[in-house]
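# Geometric and topological summary
The primary structure of each chain is shown beneath.
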Amino acid sequence: MPYPEGSIVQAMLRGYNNHSYGYGDPLNLIWLTPAKGTGLSSYSLSILALSFGQTPVMASQALTIPQGEITCLLGRSGVGKTTLLKVLAGIFPSPPETRNPKPETVTYHPQQDCLLPWCTALENVLFAARLKARRTTQEQQSIALTLLAQVGLADYAHHRPAQLSGGMRQRVALARTLFQDTPLVLMDEPFSALDYTTRTELHALTKRLLQGKTVLVVTHDPFEALTLGTHFLLLEGSPAVLNPLRRADIQQMLQGAA
Amino acid sequence: MTPHKALAFLLSLISIFALWQGLVRGLKLPPYLLPTPLAVGKSLVHNAPLLALHTSTTLQEIFYGFALGTGCGIGFAVILFSFPKIRPFFLPLLLISQALPVFALAPLLVLWAGYGMASKVIMASLIVFFPVTSALYDGLKNTPTAWIDLANSISGAKKWLVLWRIHLPTALPALGSGLKLAATFAPIGAVIGEWVGSGKGLGYLMLHANARMQIDLMFAALSILAVITLSLYGLASMFTRHFSHRQQEIL
C-alpha cells in the first residue's frame, strides 16, 4: 500500500502516540484524498492506523470511495464508525502528518440535530457563517432561506427549535449541512431518532438534495443503507477492518435476521 | 410570581407575624429583648428619615459591590475557560480566595480602604466573586459535546464567536444560579463591612440601636435588609427564568 513517505515513522519519532489530545489520545493516520490515476471519480481512503492510547482501533487498509455518490458505512455499535467519521471531519485533533481531507471541503452532520435552542431555524442554518464572522451577509441569508424552502420549511424560518417537530428539526439540520456546500459530507446516523414515516421522507429528501456530493453515511440500519446508499462498507473486527459490501450481501443479512 | 403563589407567601408571612405577636404578648417578653412586629412597624414609620438615610448608603454599597464582584467573576470565569493552560495556576487561587473567611478580612479591608464606602464595596464584591465565577465556569464547561464537535468541524470558525454564540448562551442559566447566590451574599458583605468600621449604613445603625437597647429600630433595619435581599434575589431569578425558558429544549 502506498503510504505517504515515512510519515508513520515520523509520527512515532515525534511521539504523537504519547501526546495527550484530551479525547483519549487518538493517534490517527487516515487519508481520504482524491485517488490518483482514477481521475476525479473516486476518493481513496487509506487508514494507516487508528488507536486510542495504546489500544488499536482500526487496522491499516486502503479503500476507494466513489465520488458524487452515497456510501453507507455499516457496523455494530462500538466498532468505531463514529470515531472514523470524526477523524475525517477534523473534530479529533490530528498530527500534522495526517492527510485528512481539507477541513473546508468537509461538512459534518451530527447524530442529533444539534440545533441551538435559542436560535431561530434561519440562524441555525447559518451556523457555519455565524461562527466565521460577526455578521452574516444578505447573500448568505438568502441562500439559507432558499435552503429552508427546499427542505419544506419556508414558513418556519423564524421559529425556534422547540416549536418544531423532530422531523422538522432534522430538516433544519439538513439545510445547515447543505449551507456549507462542501464536496464531502459526513453523516453520523442522521435519522436514527425519527419514526419510520418521517425517516423515509427524509431519506428521499437527502438523496435529492445531496445529489452530486460525495457522502459517507454511518448507520446501523441495513434498511436505511439500502434506501440511501449506492455503495456499502462494513466495519468489523478488532482492530476493525473495512470491507466492501454488495447490495445482495445486505439483503442477505436482512433475510438472515428475519 | 403568580397571584396564587403571592397569596400563599403573604399568608405565611402574616401567620408568622401573628405567631410572633402572640408569643411576645403571651410570654410577656420585655421590648428590649424582643419587640412585637407592630412595634417594629411603628419604629419603621417613626424613624423613616433616619432609616432612609442609612438605607441609601447600604444600597449603594450593595449595588456597587454586586456589580464589581459579578463583573470580575464573569471576566475571570471566561478567561479561565478560554485559556486552559492557566487553569492549574489560577484554580487553586480561586479556592484559596474562598477558603479565607471574608469576615476575617473585614478589619484589614477597613484598615486599607478606609472607613468610607470603598471597604464595604470591596467586602461585598469579594463575597460575590466566588459563586459567580464558579457557576459560570461550570456552565461554560458543561456545553454539550455534540455542539462543540459540530463547531470544531467548521473550518475557519473563530474562537471568540464559538464562545459568544455557543458556550456563553449555554452557560447563562448556570450564571443565573450564581447570581441568585450572589444576591443573597452581597448584603451580608456590606453589613459586615459596616459593623467593622463605618459611620453610615444599616449595619452601623443596627450596632448603635443594639447598644442603646432600641431593639425595635434594629429589627426595622433588619427588615429593610431582608427586603433589599429579596428584591435582588427576585431580579436574579427573573434573569435565570428568562434564559432557562429559552433553552428548555437543550438536547
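Quick look at the structure, then.

All names here are of chain B. Contact pair helix α3 (residues 48-82) / helix α4 (residues 87-99): the axes reach a minimum separation of 10 Å and the direction vectors enclose 145 degrees. The handedness of the crossing between α3 and α4 is left-handed. Here α3 contributes Phe76, Leu80 and Phe81 to the contact with α4, which in turn contributes Arg87, Phe90, Leu91 and Leu94. Residue composition of the contact of α3 with α4, grouped by class: six nonpolar, no polar and one charged.

Moving on: the pattern of salt bridges. Residues and elements named next belong to chain A. Taken as a whole and judged by the stated rule, the model has six salt bridges over all chains. Close ionic contact of Asp113 with Arg169 constitutes a salt bridge, the shortest N to O distance being 3.1 Å. Of this pair, Asp113 sits in the loop between β6 (106-109) and α3 (121-125) while Arg169 sits in helix α6 (residues 166-180), and the two are 56 residues apart along the sequence. Exposure remark for Asp113: the relative accessible area of 12% places this residue in the buried category. With relative accessibility at 12%, the residue Arg169 sits in the buried group. Across the pair Asp249 and Arg246 runs a salt bridge, and its minimum N-O distance is 3.2 Å. On the basis of relative accessible area, Arg246 is assigned to the exposed category, the value being 57%.

A few words on the side chain of Thr240(B). Residue and element names in this part refer to chain B. Following the sequence through the fold, Thr240 ends up in helix α10 (residues 215-246). Among the polar contacts made by the side chain of Thr240, one reaches the main-chain carbonyl oxygen of Ala236 at a distance of 2.8 Å. The contact partners of Thr240, leaving out residues within four places of it in the chain, are Pro173, Gly176, Ser177 and Lys180.

Moving on to helix α7 (residues 145-152) of chain B. Every α-helix carries 3.6 residues per turn, so stepping three or four residues along brings you back to the same face. Turning to α7(B), its buried residues are Ala146(B), Trp147(B), Asp149(B), Leu150(B) and Ala151(B). On the buried face of α7(B), the contacting elements are α2 (81-88), β6, α4 (127-132) and α6 of chain A together with α8 (159-196) of chain B.

Turning next to the environment of Leu59(B). All names here are of chain B. Among the structural elements, Leu59 can be located in helix α3. Overall, Leu59 belongs to the partly exposed group, its relative accessible area being 41%. The sequence separation of Leu59 and Leu202 amounts to 143 residues, and the corresponding C-alpha distance is 9.1 Å.

With that out of the way, let us pick up the layout of surface pockets. Residues and elements named next belong to chain B. Volume-wise, the second largest pocket comes out at about 510 Å³. The wall of the second largest pocket is formed by 18 residues, among which Leu13, Phe17, Ser223, Ala226 and Val227 lie closest to the centre. At the level of elements, α1 (3-27), α2 (37-46) and α10 are the ones that each hand at least two residues to the lining of the second largest pocket. Looking at which element gives the most residues to the lining of the second largest pocket, the answer is α10, with eight residues. Among the residues forming the lining of the second largest pocket, the class breakdown is 14 nonpolar, four polar and no charged.

Bringing the pairing of β6(A) into the picture now. Residue and element names in this part refer to chain A. On β6, burial covers both faces: Val106 and Tyr108 on one face and Thr107 and His109 on the other are all buried. As paired strands, β6 and strand β7 (residues 184-188) are joined by four bridges and run parallel to one another. Bridge assignment links His109 to a residue of β7, and that residue is Met187.

Time to look at the nonpolar core. Counting residues in each nonpolar core, the largest one holds 48 residues, and the members touching the most others are Leu51(B), Phe66(B), Val128(B), Leu136(B), Leu140(B) and Leu202(B). Tallying contributions element by element places α8(B) first for this core, with 12 residues. Each residue touching Leu51(B), except ones within four places of it in the same chain, is listed here: Ser43(B), Leu44(B), Leu202(B), Leu205(B), Leu217(B), Ala220(B), Ala221(B) and Ile224(B). Counting residues in each nonpolar core, the second largest holds 40 residues, with Cys72(A), Met168(A), Ala175(A) and Leu228(A) among its members.

All right, on to the interface of chain A and chain B then. At the junction of the two partners, chain A supplies 27 residues and chain B supplies 25 residues. Both sides together, the interface formed by chain A and chain B hides about 2,400 Å², and carbon and sulfur atoms give 64% of it. Taken as a group, Trp118(A), Leu131(A) and Lys132(A) account for 30% of the area that chain A buries against chain B, more than any other trio of residues on that side. Linking chain A with chain B are one salt bridge, by the criterion used here. With a shortest N-O distance of 2.7 Å, Lys86(A) and Asp149(B) are connected by a salt bridge. Summed over the shared surface of chain A and chain B, the number is six residue pairs in polar contact (both at pLDDT 80 or more). Listing elements by their share of the side of chain A that touches chain B, those giving two or more residues are β6, α4 and α6 of chain A. If one sorts the elements of the side of chain A that touches chain B by residue count, α4(A) sits on top with five residues.

Definitions and limits used
Residues numbered from 1 in each chain as written. Chains lettered and ligands numbered in written order. Predicted model: local features only at pLDDT ≥ 70, side-chain atom pairs only at ≥ 80, totals over all residues. Heavy atoms only, no water. Axes fitted to C-alpha atoms, helices over the stretch in contact; angles between N-to-C directions. Helix = DSSP H or I, 4+ residues; strand = E, 2+ residues; numbered from the N terminus. Left-handed = near helix turned anticlockwise from the far one by under 90°. Contact = heavy atoms within 4.5 Å. Nonpolar A, V, L, I, M, F, W, Y, C, P; charged D, E, K, R; others polar. Salt bridge = Lys/Arg side-chain N within 4 Å of Asp/Glu carboxyl O. Buried < 20%, exposed > 50% of the residue type's maximum accessible area, 1.4 Å probe, protein only. Polar contact = N/O pair within 3.5 Å; in protein donor to acceptor, adjacent residues only side chain to side chain. 1 Å grid on protein atoms, 1.4 Å probe; cavity = no way out; pocket = protein on both sides within 12 Å on 5 of 7 lines; lining within 4 Å. Points joined across faces, edges and corners; volume = space filled by probe spheres on them. Pairing = 2+ DSSP bridges. Core = buried A, V, L, I, M, F, W, Y, C linked by side-chain atoms within 4.5 Å. Buried area = accessible area lost by both parts, 1.4 Å probe.

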